[in-house]
Amino acid sequence: MWRLFSLLILGGALVAPAGFAADAARGGTLYAPCAACHGAQAQGNPALQAPVLAGQDAGYLARQLRHFRAGIRGAADGDTAGATMRAQLAPLPDDAAIDDVAAWLASLPAPRAAAVEGAVLRTGSNYYQSKCGACHGARAEGNPALFAPRLAGLDADYLARQYRNFAAGLRGTEPADRYGRQMRLMATALPGEAELRDVLGFIAAQSQQE
Amino acid sequence: MTRTIVLALVLALVGFAAGNWYAKPRAPAQEADAARVAASYEGGFRADGESAAAVSERLASGNITAVAGAPGEHEIVVADGESIQEAVKRAAPGTVIRVRPGTYHETVYIDKDAIRLVGVIEQGRRPVLDGHGKLNDAVLYSGNGIVVENFTITKYKGNGIMGQAGNNFEIRNNLIIDTGVYGIFPQLGKNGIVEHNVLSGIEDAAIYIGMSDNIHVAHNVVFENVAGIEIENSRHAIVENNYVYDNTGGILAFITPGLPIKTTSDVIVRNNFVVRNNHPNFGAPGSIVAGIPAGTGILVMAADEVVIEDNIISDHKTAGILIVDHANAANLTIDPESDPNPDRVAVLDNVMYRNGYDTIPEVKALMLAGMQRGEPDIVRVGPSTGSCILNRSRYVTVGLDDFGVCGFGNTDATVTYLLPPVPPRVIEPGERGKIAYLGICSGCHIYGGRMVGPPVQAIQALYMDDPQALADYIANPVRKRDDYPEMPPQNYLDPETRLAVAKYMLEVRN
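Residues numbered from 1 in each chain as written. Chains lettered and ligands numbered in written order. Predicted model: local features only at pLDDT ≥ 70, side-chain atom pairs only at ≥ 80, totals over all residues. Heavy atoms only, no water.

Student: Is there a simple way to think about the nonpolar core in this case?
Tutor: Nonpolar side chains tend toward joint burial in soluble globular proteins. All names here are of chain B. Core analysis: the largest hydrophobic core is formed by 66 residues, its most contacted members being Tyr182, Tyr437 and Leu470. A per-element tally of this core places helix 7 (residues 456-463) first, with five residues. Aside from chain neighbours lying at most four places away, what touches Tyr182 is Gly158, Asn159, Gly160, Ile202, Asp204, Ala205, Ala206, Tyr208, Gly443, Cys444, Met451 and Val452. Membership of the second largest hydrophobic core comes to 62 residues, among which are Ala138, Ile231, Ile298 and Ala303. (Core = buried A, V, L, I, M, F, W, Y, C linked by side-chain atoms within 4.5 Å. Buried < 20%, exposed > 50% of the residue type's maximum accessible area, 1.4 Å probe, protein only. Helix = DSSP H or I, 4+ residues; strand = E, 2+ residues; numbered from the N terminus. Contact = heavy atoms within 4.5 Å.)

So, in structure tokens, the structure goes:
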């Protein structure tokens, strides 16, 4: 008869991730032209569809910038906001520049997001905890160990657009974009628009409480 | 202590009298209830091939008090300083392993049948299994006919005693204190007894009957845990004569959505003291267990045919009995394959007082909407069909207007759901991954929600089509989430089983 486990104890080895040294001060200088859309404090500008960058994880930001550069993000037909961003990469000639600007942005304080009108926070909390929190953190603060960005503090319209972009295959389809593909698999997890709104309301509320 | 209870009772009865006097008359009068009280509830569980008459006879005979089979002739004695695991390795099925008083720092895996792990108690000294806050589990068994008794278990991070797909188990006379997420946790077992244990300081459920059938939980003392006694996605269980106090929620019968076995039904909760379960909830925020409102005596969530009889249920700030569907529960989402409603719940006679004195806003809102006053003993939220109550005018109830009068007044005809030893679960060769998933992983992972570990849906997104990476992770998990406990290593499973369970986990769709 077969049983669930048979005794066997194994050891294992751990690999420590390598770090990199970025020059945040230089990043601040490089950022100057970006402020036109993203704001002087990188607080975002919904009127231009330009998201908050302040306080976001540096690894995530650098990856997005490389993905824009490589056409992994922002090149799909129909992704107009992404295309706008793709056209703004001239000030960042190389990987070092990308890493520096990302380090500077990560060092800024994350802003608060406006509350989402009509969102039912209780439902939003239920869905967020059940479907999103395992990667983005219990308070939407992001989790670098899982490459999942901070969502708290980002504008709800921007988040909704990204969520829909993932679902529609405008983002997260390239084989090289492992983390985007992970997120794409979750972009159908919410049953509908009402629940998405509730979740975004919950996420916005997290930034209010910080 | 007895004296204060009696005094409190007397006071409460005075309270009842006053309450009855002023209560507005409700539809069914008490006489009507009394007339039917003679009939007894029969859950009607049938073992394969059993006739209806045999069922009645068996349920009423009640002579089954052991299920693991007779002890064998072999005996091994483990003395302080020796290893229990070594003894298990040497033991043939049928062996009684007697563990002498002393302190043992180890995890004991029992992967064979008919092993009795019996502590020797001498002048009050028991064998102590101490995990030092480092080890995950004290006892893990996957064999059938396993007995674990007379131990003290403390300072483990995961489970005190966990059963993984083992049938015919007996877990008794253990003290399980300040230990991990689950105290006693038979998962996917049939025909088992959990009795005379004392459990305290457990972060999730002290006694957690998971996806099991024909279970008897009796004479336990369970205090200062988040959930006291939990009957989850299980059928044909009796919970009786327990003393359950100072937990966040006392006794719970429910369906957790997203588990592979989708129903809970036929649960009898009787003759328990369920008192003062107002402990602040210390479950991990966002997890399902963290959604239990502090101050809940008995919680019925989405479970069917739960019969609540002859309990003393007092001093709960939210409610004595809370009956709720999935849609109205916190921290979870609907499972399309589970019926979300608690149907055919029967509240027979219970002694209830001083409940609902500081209830949650949702209940207050309900009362306001129904223009009701008072402090609710029994609260029902969301749909529930075919449910009933006896002598409703004795209690302050909310949302019970469509509960009828029960057609039976007691559960005397059902003494036990235990059976003579049942055959071990048959595991087909190709099912290894599935059974490991059901028997182990489902204890902490559900498909689309947060239990102890992250949802399977998120794990599928993370690992996609790479089961080997998942198998490697579970052999040697690293910490990834600050707000979750650690994932216990599954390195006691052989590599093929780890890969099989990884594949299965990436395939399940609910």
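Student: Explain the sheet that holds strand 12 (residues 175-177) of chain B to me, please; I cannot follow it from the model alone.
Tutor: Remark on secondary structure: sheet strands pair via backbone hydrogen bonds, oriented parallel or antiparallel. Residues and elements named next belong to chain B. Spatial ordering of the open sheet is given by 3-6-9-12-15-18-21-24-27-30, a layout of 10 strands whose pairing is parallel. The two strands at the open ends of the sheet, each matched to only one other strand, are strand 3 (102-104) and strand 30 (351-355). Here the strands of the sheet are splayed against their neighbours by 10° on average, with no regard to which way each runs. The pairing of strand 18 (residues 221-223) with strand 21 (residues 243-245) spans three bridges and is classified as parallel. Opposite Val221, over in strand 21, you have Tyr243 as the bridge partner. (Pairing = 2+ DSSP bridges. Axes fitted to C-alpha atoms, helices over the stretch in contact; angles between N-to-C directions.)

Student: Mind showing me how you'd approach the packing of helix 3 (residues 58-70) of chain A against helix 5 (residues 95-107) of chain A here?
Tutor: What describes two packed helices is the angle between their axes and the distance between those same axes. All names here are of chain A. One way to put it is that helix 3 packs onto helix 5 with a least axis distance of 8 Å and a crossing angle of 140°. Between helix 3 and helix 5, the angle is such that the two are oblique. Considering the relative orientation of helix 3 and helix 5, their crossing is right-handed. Across from Ala58, Leu61, Ala62, Leu65, Arg66 and Arg69 in helix 3, the residues of helix 5 making contact are Asp95, Ile98, Asp99, Val101, Ala102, Ala103, Leu105 and Ala106. Classifying every residue of the contact of helix 3 with helix 5 gives 10 nonpolar, no polar and four charged. (Parallel < 35°, antiparallel > 145°, perpendicular 65-115°, else oblique. Left-handed = near helix turned anticlockwise from the far one by under 90°. Nonpolar A, V, L, I, M, F, W, Y, C, P; charged D, E, K, R; others polar.)

Student: Explanation requested: the pattern of salt bridges in the structure shown.
Tutor: As a working rule, side chains carrying opposite charge can pair if their charged atoms are close by. Residue and element names in this part refer to chain B. Per the counting criterion, the structure on display carries 26 salt bridges over all chains. A salt bridge links Glu86 to Lys89; the shortest N-O distance between them is 3.8 Å. Here Glu86 pairs with Lys89, and both are found in helix 4 (residues 84-90), just three residues apart, close to one helical turn. For Glu86, a relative accessible area of 41% corresponds to the partly exposed category. Residues Asp349 and Arg394 are paired through a salt bridge, measuring 3.5 Å at the closest nitrogen-oxygen approach. Remark: Arg394 occurs in the loop between strand 32 (388-389) and strand 33 (397-398) and Asp349 occurs in the loop between strand 29 (346-347) and strand 30; sequence separation between them is 45 residues. Sharing partners across several salt bridges, the network here consists of Arg116, Glu149, Glu170, Arg172 and Glu195. (Salt bridge = Lys/Arg side-chain N within 4 Å of Asp/Glu carboxyl O.)

Student: It is not clear to me how the side chain of Glu170 of chain B should be interpreted in this structure. Could you clarify?
Tutor: Residues and elements named next belong to chain B. Relative to the helices and strands, Glu170 is located in strand 11 (residues 169-172). For Glu170, a relative accessible area of 2% corresponds to the buried category. For Glu170, the contacting residues outside a window of four places in its chain are Ala66, Val67, Ala68, Arg116, Ile146, Val147, Val148 and Ile193.

Student: How should unusual backbone geometry be read in this particular structure?
Tutor: Residues and elements named next belong to chain B. Positive phi, normally seen in glycine, also occurs at His236, with a value near 55°. Locating His236 in the fold gives a position in strand 20 (residues 235-240). Positioned with a positive phi, Asn241 is a non-glycine residue whose angle comes to about 60°.

Student: Mind showing me how you'd approach the domain arrangement of chain B here?
Tutor: The parts lose accessible area when they come together, and the size of an interface is often stated as this lost area. Residues and elements named next belong to chain B. Looking at the assigned domains, one finds that chain B contains domain 1 (26-61 + 200-422), domain 2 (62-180) and domain 3 (432-507). A C-alpha centroid distance of 26 Å is found between domain 2 and domain 3. Buried area between domain 2 and domain 3, summed over both chains or domains, comes out near 580 Å², and the portion from carbon and sulfur atoms is 59%. Of all residues in domain 2, Tyr109, Asn136 and Gln164 give up the largest surface area on contact with domain 3, accounting jointly for 55% of the area buried on that side. (Domains from an automatic or database assignment. Buried area = accessible area lost by both parts, 1.4 Å probe.)

Student: How should I be thinking about the packing of aromatic side chains in this particular structure?
Tutor: What characterises a pair of aromatic rings is the spacing of the ring centres plus the angle enclosed by the ring planes. Residue and element names in this part refer to chain B. Counted under the stated rule, the structure contains 13 aromatic pairs over all chains. One aromatic cluster is present, built from ring pairs that chain together Phe223, Tyr243, Tyr245 and Phe273. Across the ring face of Tyr484, the terminal group of Arg450 is positioned such that the distance to the ring centre comes to 3.8 Å. (Phe/Tyr/Trp six-rings, centres within 6.5 Å; stacked < 30°, edge-to-face > 60°. Lys NZ or Arg CZ within 6 Å of the ring centre and 35° of its normal.)

Student: I'm lost on the interface of chain B and chain A in this one. Help?
Tutor: Taken residue by residue, the interface counts 55 residues in chain B and 32 residues in chain A. Across the chain B/chain A interface, buried area totals approximately 3,700 Å², and carbon plus sulfur atoms make up 59% of it. A per-residue breakdown of the area chain B buries against chain A is headed by Asp111, Leu462 and Met464 of chain B, which together make up 16% of the total. For the pair chain B and chain A, the interface holds one salt bridge. Here Arg122 of chain A ties to Glu362 of chain B by a salt bridge, and the two come within 3.6 Å at their closest N and O atoms.

Student: Help me understand the sheet that holds strand 4 (residues 108-110) of chain B in this model?
Tutor: Residues and elements named next belong to chain B. Taken in spatial order, the 11 strands line up as 4-7-10-13-16-19-22-25-28-31-33 in an open sheet, and their pairing is parallel. The open sheet has two free edges, formed respectively by strand 4 and strand 33, since each of these has just one partner strand. Here strand 13 (residues 182-187) pairs with strand 16 (residues 205-210) via three bridges, running parallel. Within the sheet, the bridge partner assigned to Tyr182 lies in strand 16 and is Ala205.

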